[in-house]
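An overview of the molecular structure
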Amino acid sequence: MKEKNIELLKAKCSKESYKKLIGLNNPKLHNFIAKYTKLCNPDSVFIGNDSLEDRQHIRNEALEKGEEKKLVIEGHTVHFDGYNDQARDKAQTRYLLPPGVDLGSSLNAIDKEKGLREIHEYLKDIMVGKEMYVLFFCLGPTNSEFSIPCLQITDSGYVAHSEYILYRAGYEEFRKLGDSEDFFRYVHGAGVLENGVSKNVDKRRIYIDLEDNIVYSVNTQYGGNTIGLKKLSLRLAIHKALQEGWLAEHMLLMGVHSRKGRVTYFAGAFPSACGKTSTAMLEGETIVGDDIAYLRKKDGKIYAANVECGIFGIIRDVNPKNDPVIWEALNSEEEVIFSNILVTEEMIPYWLGDGRGMPEKGINYSGEWYKGKKDSWENEISHAHKNARYTVSLYALKNLDSKLDDPCGVEVKGIVYGGRDSSIWPPVQEAFDWTHGVITMGASLESETTAATLGKEGVRQFNPMSNLDFVSIPLGRYINNHLKFVDSVNTPPSIFSVNYFLKNKDGKYITGMEDKRVWIKWMELRVNDDVEAIKTPAGYIPKYEDLKRLFSEVLDKNYREEDYTRQFTLRIPENLAKIKRIINIYKIKAPDTPAALFRVLEEQKKRLQEARVKYGDYIAPSVF
Ligand code: OXD
Ligand code: MN
């Protein structure tokens, strides 16, 4: 470490912190920490390791600094983000573009030098009067091929506390790293706080440097913008994965259990707020992860690991009926951070759809709240935000899969793609093969927008692999990486699409909330070659008899043939219009799209057109 850096860090760190810093023999790491200590100019620097004391210190800090408040249940706290800081800010999230690099027109980018200048100006003195937390975590299980060590610098006790819950401790990983620079880094400053929340959200910026694996985030607290190891790292990981031939995906991981005790692992990609966590939490199955998975090849098979060990879940419609396991965890004395819910005088949290009715008043993301309160645009403020969250450790869940921390990951046999789609895809269908699935399901995914990002809700948006917000490389190359991924794999995983949001013409949902338990069981049977399926022009769909049996076994329900017919009718005009949209998007937005994408979609179009000539626009499954 440079002499003046040593002096600076010695002056800002306590003795213990300095010892922990020096315990990592990595001059490049030290110089980086010194650089941001100098720039952000905190009053003091805390270096955290993997110990319980350090974890406790961070929890205390979040409370003492007023970023969190204690709730009535021991171990529970509440945090509020500012009224206009309730979701990921896509517009102000940009890639820092070095000269000569072209990421394509669809990625939000800024010239690197200009962007760095701007963000460094915002970071200058941003931590005056505060403590800077320097923390070490690991993405993926430790001691594993999946592991990526991460350095988080932040002045937010809430962000630091969230990361201690959500990620594996990484100080020991850094020790093993020696003087290597192969780690991800995040620098976050919440900026000026007013009542504990970031005040200058108009100066909110999230800038991503793919060359050096650094993400900077300022003037925001919302987890999706600030928790480095979450969506900020996903963008870095997608770039790294392309270079190294693996996949970094916005995917759940779960074990699906057969009646005979067989466990088959599935990965599933769903856009934010479209059923990913609730699928991962399905009754009778086990959860490995609910948000981000890395997939790697080994010995001709595909393995995946959850990069996290906690859930930053949306807390809406979480009640004893819909989510009994989460409900139980959130009502036990496990460590939980609730954010942007409503809290009453008795310090009891309330959220939308909790089944307990709405309190008359309390504190929420708008400050003091009372029934009927309106914002400055005359919009009524709901008691809790639609994108309110809970942060809890996966180890607190009784349905946790035993392989969460397996350094080898879990072997993935099925991949599921699902979006919020009111009119096109059936509840479940299987692709003909890997290429067909990657292209017609993953790469063609569309979803109606939700409250997880700022902007209008309910607008149909193209969202390939549910990863559009995080794809940090030209889209065509991202798709190509998927196609090539199974080159040396003996039996690639089967690919499925699901749709929990299909509606009738009258706008009513035509499947039940619990039906996803049946669709996943059918996929498990398919992957294991236990049932046959019906071949349609768009993929394989279940046979009525199989679903009827599963509905009875799993849900104790009588599944009527008329429901099956309605749900699985092939909607030709909607499918054709979708193919047209998707082809156009790739033609316009992704000049380096592999030719296979257009070929496979054209073939599907032809099959659909031929079926239409024979059987009309809407084709019942019995026809095939
Ligand atoms: C999330 C998101 O928080 O995707 O998981 O927004
Ligand atoms: Mn997500």
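Residues numbered from 1 in each chain as written. Chains lettered and ligands numbered in written order. Predicted model: local features only at pLDDT ≥ 70, side-chain atom pairs only at ≥ 80, totals over all residues. Heavy atoms only, no water.

A look at the domain arrangement of the protein chain
Once the domains are mapped, the protein chain shows domain 1 (3-68 + 81-244), domain 2 (248-308 + 403-623) and domain 3 (312-396). Relative placement of domain 2 and domain 3: their C-alpha centres are 30 Å apart. At the interface, 14 residues of domain 2 touch 11 residues of domain 3. Surface buried jointly by domain 2 and domain 3 totals about 920 Å² across both partners, of which 65% is contributed by carbon and sulfur atoms. (Domains from an automatic or database assignment. Contact = heavy atoms within 4.5 Å. Buried area = accessible area lost by both parts, 1.4 Å probe.)

With respect to a nonpolar patch on the surface
There is a patch of nonpolar side chains on the surface, built from Tyr615, Val623 and Phe624 and spanning about 240 Å² of accessible area. You can see Tyr615 is positioned in helix α18 (residues 595-615). (Patch = residues over 30% accessible without salt bridge, like charges linked within 9 Å, V, L, I, M, F, W, Y side chains within 5 Å. Areas by Shrake-Rupley, 256 points an atom, 1.4 Å probe, with all protein chains shown as cover. Salt bridge = Lys/Arg side-chain N within 4 Å of Asp/Glu carboxyl O. Helix = DSSP H or I, 4+ residues; strand = E, 2+ residues; numbered from the N terminus.)

Details of the packing of aromatic side chains
Applying the stated criterion across every chain, the model contains 26 aromatic pairs. Residues Tyr544 and Tyr559 carry aromatic rings whose centres are separated by 5.9 Å and whose planes lie at 25 degrees to one another, so their mutual orientation is stacked. Residue Tyr544 is located in helix α15 (residues 544-555), and its partner Tyr559 is located in the loop between α15 and α16 (561-568); the two are separated by 15 residues in the primary sequence. According to the relative accessible area criterion, Tyr559 is buried, its value standing at 3%. Taking the centre distance of 5.4 Å and the plane angle of 50 degrees together, the rings of Tyr544 and Tyr564 count as tilted. Pair noted here: Tyr544 is in helix α15 and Tyr564 is in helix α16, with a separation of 20 residues, a long-range link. Residue class for Tyr544 comes out buried when judged on its relative accessible area of 14%. Looking at Tyr564, the relative accessible area reads 4%, which means it is buried. Site record: aromatic cluster; members linked through ring pairs are Trp519, Tyr544, Phe551, Tyr559, Tyr564 and Phe568. Sitting above the plane of the Trp351 ring, Arg356 keeps its charged end 4.8 Å from the centroid. Geometry around Phe432 places Lys535 over its ring, the cationic atom sitting 5.0 Å from the centre. (Phe/Tyr/Trp six-rings, centres within 6.5 Å; stacked < 30°, edge-to-face > 60°. Buried < 20%, exposed > 50% of the residue type's maximum accessible area, 1.4 Å probe, protein only. Lys NZ or Arg CZ within 6 Å of the ring centre and 35° of its normal.)

Let's talk about the packing of helix α17 (residues 572-589) against α18
At a minimum axis distance of 10 Å, the contact between α17 and α18 shows a crossing angle of 160 degrees. The angle between the axes of α17 and α18 places the two elements in the roughly antiparallel class. In this structure, α17 meets α18 at a crossing whose hand is left-handed. Residues Ile572, Asn575, Leu576, Ile579, Ile582, Ile583, Tyr586 and Lys587 of α17 lie in contact with α18, whose contacting residues are Leu597, Phe598, Leu601, Glu602, Gln604, Lys605, Leu608, Gln609, Ala611 and Arg612. (Axes fitted to C-alpha atoms, helices over the stretch in contact; angles between N-to-C directions. Parallel < 35°, antiparallel > 145°, perpendicular 65-115°, else oblique. Left-handed = near helix turned anticlockwise from the far one by under 90°.)

Here's the deal with the site of ligand 1
In the vicinity of ligand 1 lie 9 residues, with Arg88, Lys231, Ser272, Asp291 and Arg389 positioned nearest. Within the side chain of Ser272, an N or O atom sits 2.5 Å from an oxygen atom of ligand 1. Here Arg389 contributes a side-chain N or O atom positioned 2.8 Å from an oxygen atom of ligand 1. Protein burial of ligand 1: of its 210 Å² of free accessible surface, 94% is covered by the chains. Split by domain, the residues of the shell around ligand 1 number at least three in each of domain 1 (3-68 + 81-244) and domain 2 (248-308 + 403-623). (Near = heavy atom within 4 Å. Polar contact = N/O pair within 3.5 Å; in protein donor to acceptor, adjacent residues only side chain to side chain.)

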